[in-house]
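# Fold and geometry: a report
These are the residues of each chain, in order.
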Amino acid sequence: RRPAGTGNDELIDGDVSTTADVPGLIAQWIREKRGDVCFLRPDQWRFPSESEMAVAVGNAVREGRRVRAIYPARAMSEASQVLRMRAEIGEDIRVVPSVLTRLAIVGPRRAIVPEPLGTGSDLRVVVRQASLVGMLQAYFDALWEAASRVDPRGDRLAEGDHRRLLLAELADGVKDEQIARNLDVSLRTVRRRVAALMSELGVDTRFQAGVEAVRRGWL
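What you see is a predicted model, and the numbers here were worked out from it, not measured in a lab.

What counts, and where the lines are drawn
Residues numbered from 1 in each chain as written. Predicted model: local features only at pLDDT ≥ 70, side-chain atom pairs only at ≥ 80, totals over all residues. Heavy atoms only, no water. Helix = DSSP H or I, 4+ residues; strand = E, 2+ residues; numbered from the N terminus. Buried < 20%, exposed > 50% of the residue type's maximum accessible area, 1.4 Å probe, protein only. Contact = heavy atoms within 4.5 Å. Areas by Shrake-Rupley, 256 points an atom, 1.4 Å probe, with all protein chains shown as cover. Lys, Arg positive; Asp, Glu negative; His and termini not counted. Charge placed at Lys NZ, Arg CZ, Asp CG, Glu CD. Pairing = 2+ DSSP bridges. Patch = residues over 30% accessible without salt bridge, like charges linked within 9 Å, V, L, I, M, F, W, Y side chains within 5 Å. Salt bridge = Lys/Arg side-chain N within 4 Å of Asp/Glu carboxyl O. Core = buried A, V, L, I, M, F, W, Y, C linked by side-chain atoms within 4.5 Å. Axes fitted to C-alpha atoms, helices over the stretch in contact; angles between N-to-C directions. Parallel < 35°, antiparallel > 145°, perpendicular 65-115°, else oblique. Left-handed = near helix turned anticlockwise from the far one by under 90°. Nonpolar A, V, L, I, M, F, W, Y, C, P; charged D, E, K, R; others polar. Polar contact = N/O pair within 3.5 Å; in protein donor to acceptor, adjacent residues only side chain to side chain.

## Points about the overall build of the protein
A tally of regular secondary structure across the protein gives nine helices and eight strands. The principal-axis extent of the C-alpha atoms belonging to the protein is close to 60 × 45 × 30 Å. Looking at the protein as a whole, 46% of its 219 residues are labelled buried. Excluding contacts between residues fewer than 6 apart, the proportion of contacts in the protein whose partners are at least 24 apart in sequence is 64%. Entry remark: accessible area of the protein is about 11600 Å², with carbon and sulfur atoms responsible for 52%. With 34 positive and 31 negative side-chain charges, the protein shows a spacing of 2 Å between the two charge centroids.

## Considerations on the pairing of strand 3 (residues 67-72)
Burial analysis of strand 3 places six of its six residues in the buried class, which makes it a mostly covered element. Burial along strand 3 is two-sided: the residues V67, A69 and Y71 and R68, I70 and P72 are all buried. Pairing geometry for strand 2 (residues 37-40) and strand 3, over four bridges, is parallel. Following the sheet pairing, L40 is matched in strand 3 by I70. When strand 3 meets strand 4 (residues 92-96), the two strands line up parallel, connected through five bridges. Residue pairing across strands places P72 opposite V96, the latter belonging to strand 4.

## Focus: a nonpolar patch on the surface
Judged by side-chain polarity, I12, L132 and M135 come together as a nonpolar surface patch covering roughly 250 Å² of accessible area. With respect to the helices and strands, the residue L132 is situated in helix 5 (residues 130-146).

## Comments concerning the nonpolar core
One finds I26, I30, F39 and Y71 to be the most contacted residues of the largest nonpolar core, which totals 47 residues. If you look at the next biggest cluster of nonpolar residues, it comprises 15 residues, including V113, V127, V133 and W144.

## Looking at the packing of helix 6 (residues 161-171) against helix 7 (residues 176-183)
In helix packing, the relevant descriptors are the interaxial angle and the interaxial distance, both defined with respect to the helix axes. Contact geometry of helix 6 with helix 7 gives a least axis separation of 11 Å together with a crossing angle of 140 degrees. One element, helix 6, and the other, helix 7, form an angle in the oblique class. Crossing hand, helix 6 versus helix 7: right-handed. Between helix 6 and helix 7, the contacting residues are L165, L166, E169 and L170 on the first element and Q178, I179, N182 and L183 on the second. Considering only residue class, the contact of helix 6 with helix 7 consists of five nonpolar, two polar and one charged.

## Notes on the pattern of salt bridges
Per the counting criterion, the structure on display carries twelve salt bridges. Among the salt bridges present, the one from R66 reaches D92, with a minimum N-O distance of 3.2 Å. Of the two residues, R66 is situated in the loop between helix 2 (50-62) and strand 3 and D92 in strand 4; the sequence distance between them amounts to 26 residues. We classify R66 as partly exposed; its relative accessible area is 40%.

## A look at the side chain of R124
With respect to the helices and strands, R124 occurs in strand 7 (residues 123-127). It is D122 that comes nearest to the buried, bridge-free R124 among opposite-charge side chains, at 5.2 Å. A polar side-chain atom of R124 sits 3.0 Å from the main-chain carbonyl oxygen of D122. Excluding its chain neighbours within four sequence positions, the residues that come into contact with R124 are D15, V16, S17, T19, V22, I112, V113, P114 and E115.

## As for the packing of helix 6 against helix 8 (residues 187-201)
Their axes nearest at 11 Å, the elements helix 6 and helix 8 cross at an angle of 95 degrees. As judged from the angle between their axes, helix 6 and helix 8 are roughly perpendicular. On helix 8, the residues touching H162, R163, L166, L167 and L170 of helix 6 are R193, V194, L197, E200 and L201.

## Description of the side chain of R110
Relative to the helices and strands, R110 resides in the loop between strand 5 (103-106) and strand 6 (111-115). With a relative accessible area of 16%, R110 lands in the buried category. A distance of 3.0 Å separates polar atoms of two side chains, one belonging to R110 and the other to E32. Contacts of R110, omitting those with residues within four sequence positions, involve W29, E32, R34, A104, I105, V127, R128 and V133.

Below is the structure:
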């Protein structure tokens, strides 16, 4: 917490934590039944705590709460069984080419992120300030709207969203080699899909592809 100053200064509700059991903390928040749940999950499918979190998510969905999670596209090949299981218990899943950081938001006043942002830190920032949680929620919602949908089986993109995922990479100016790594496909496949997309859009450059995709409402 930030120490109070003078005048009308108030404490910021949150702290930096070294707790090792982050999944346990998030599961506890979920069990307290205080709102919907949102995750950015760049790598958590590799952790043994995955089953504990799945139980908490399943219970939340059965209570009528919405649980949304954004994964990197490579999770569909690296962790297809995990995504399928999470989809089966009711988690609403979308993917983006890459996910910047871990993040969990539970209701309007609970969020946790690594310090610094990413996946490898031993420190976490626990936020309980409504305005700061709201800002994190707004970031998640914007990313959610731009993300590609995964079908209810959790192991493939919804119809038409392969194109959207590729367009997102092109719009960000990502090179073909990095696109191949992000989407977990071969460089040849990336170049073939880019050429087919540009032909479909009737354009000659990637910039034109982005402009035309926005005009058509594809992005």
